[in-house]
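What the coordinates show
Listed below are the residues making up each chain.
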Amino acid sequence: MRVVRVVGYHQDLKLEEAPEPKITSPLDVIVKVGAAGVCRTDLHILEGQWEEKTNVKLPYTIGHENAGWIHAIGDAVTSLKVGDKVILHPLVTCGLCRACRFGDDVHCEDSLFPGINCDGGYAEYIKTGARSVIKLDPSLEPAAVAALADAGLTAYHAVAKASQLLRPGNVVVMIGAGGLGHIGIQVMKAISPATLVVVDRNPAALKLAKELGADHVIQSGDDDAFVKEVQALTNDKGAEAVIDFVAEGGSTALGVRMLRRAGNYYVVGYGENLNVPTIDIISTEINFIGNLVGSYNDLSELMVLAAQGKVKLHTTIYKLEEFQKAIDDLSAGRVRGRAILVP
């Protein structure tokens, strides 16, 4: 089969031939890939940012946002059949550790992360486990939802956390309306009554945010004018929550200034350090909350919203052999929404 592999860090990906994955365990599942999302994490992998964290042996196939059709199943798999249309939770989890028992499978103590620390979905077939597979509603197609497996799941996970504490009349600020942010906007409007303010540098992203239901959109710049606009919208009290899908370029330092006393700052993007005086944290009782992907149940709930038409991905489709163009377009900021590879 054709695969797109990392052959070295700080090098271009390479299209190669590789054997198809095989069933080796009773709960294994082989999926014929219908679509694989191209994620900014893939850029970070190529830059070597994940090298020390994963110690993955090169070459290997990347791609951690995957959907397609069941191709083969292990002897113990009873809930799936060949031909089923599915989306894959990005982790292959054990089901036996304490985290899995609590349904917090994203923190599984014995997991694999296809596309991150083993072969992923920039390929014609991918191997996963039965615990990671969610059947798609007949109305949904793999290319339309593949990127929801990570980008959408991560956005849903953060928004679902925030929404539990938000009430009518509260204000939530989202920084970034790109690949994750445009999904987060839709999820927030679907599950929370809070007033949504979206901040982004890009006018096109703000236009999309408004179309997706944002109550207010504010263009950010190199100064703090946008912070003052948020303060004005909240009668100088600040927002109950800030969800930062960027976390670089100074967004965190300015984002904290948009938060009210006892507010919650949800960090989703990464790229810079938090630099907040501890006296400011304790004197205002603000909270910083990290967000890593999401659980199987989070993804299952997100698929319900997708089937209801409440969450839709804005995508650009590329053939598998156009992988380099997809990577280059994403790196250059030419992709609005998500880039999708189709074998």
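Preceding this section is the structure that the text describes.
So, here is what we can say about the structure in this document. (Residues numbered from 1 in each chain as written. Predicted model: local features only at pLDDT ≥ 70, side-chain atom pairs only at ≥ 80, totals over all residues. Heavy atoms only, no water.)

1. Describing the overall build of the protein
Our working rule: Helical segments are the DSSP runs of H or I of at least four residues, strand segments are the runs of E of at least two, and each set is numbered from the N terminus. We take the radius of gyration over the C-alpha atoms and set the globule estimate at 2.2 Å times the residue count to the 0.38 power. For this count, His and the chain ends are skipped, Lys and Arg are scored as positive, and Asp and Glu as negative. One atom stands in for each charge, and that atom is NZ of Lys, CZ of Arg, CG of Asp or CD of Glu.
Counting its regular elements, the protein contains twelve helices and 16 strands. Relative to the compact-globule value of 20 Å for 343 residues, the protein shows a C-alpha radius of gyration of 20 Å, a close match. Expressed along its principal axes, the backbone C-alpha trace of the protein runs to roughly 60 × 40 × 40 Å. Put simply, the protein has 33 plus and 41 minus side-chain charges, and the middle of one group is 4 Å from the middle of the other.

2. Structural notes on the packing of helix H5 (residues 151-163) against helix H11 (residues 296-307)
Heads up, the condition is: All axes here are fitted lines through C-alpha atoms, helices being fitted over the stretch that makes contact, and every angle between N-to-C directions spans 0 to 180 degrees. Working definition: roughly parallel below 35 degrees, roughly antiparallel above 145 degrees, roughly perpendicular at 65 to 115 degrees, and oblique for all remaining angles. We call two residues in contact whenever any of their non-hydrogen atoms come within 4.5 Å of each other. Three classes are used: nonpolar for Ala, Val, Leu, Ile, Met, Phe, Trp, Tyr, Cys and Pro, charged for Asp, Glu, Lys and Arg, and polar for all others, with Gly counted as polar.
Between H5 and H11, whose axes approach to 9 Å, the crossing angle comes to 100 degrees. Here H11 runs roughly perpendicular to H5, going by the angle between their axes. Residue-level contacts link Gly 152, Leu 153, Tyr 156 and His 157 of H5 to Asp 298, Leu 299, Glu 301, Leu 302 and Leu 305 of H11. Broken down by class, the residue content of the contact of H5 with H11 amounts to five nonpolar, two polar and two charged.

3. With respect to the sheet that holds strand S4 (residues 60-61)
Hydrogen bonds between backbone atoms are what pair the strands of a sheet, whose relative direction is either parallel or antiparallel. Rule in force here: Strands are labelled as partners when DSSP assigns at least two bridges between them.
Here we have three strands laid out as an open sheet, ordered S2-S1-S4, and antiparallel in their pairing. Bordering the open sheet on either side are strand S2 (14-17) and S4, each of which pairs with just one other strand.

4. Remarks on H11
Using the following cut-off: Expected helix span is computed as 1.5 Å times (number of residues minus one). Relative accessible area decides the class of each residue, using a 1.4 Å probe on protein chains only: under 20% of the type maximum gives buried, over 50% gives exposed, and in between gives partly exposed. Taken from the helix axis, the directions to the C-beta atoms give the arc we talk about.
Helix length check: H11 (twelve residues) gives 17 Å between terminal C-alpha atoms against 16 Å at 1.5 Å per residue, within 8%. All buried positions along H11 are accounted for by Asp 298, Leu 299, Leu 302, Met 303, Leu 305 and Ala 306. Looking straight down H11, one finds its buried side chains confined to an arc of 160 degrees; they lie on one side. Contacts made by the buried residues of H11 are with strand S6 (85-88), strand S8 (133-135), H5 and helix H6 (181-191).

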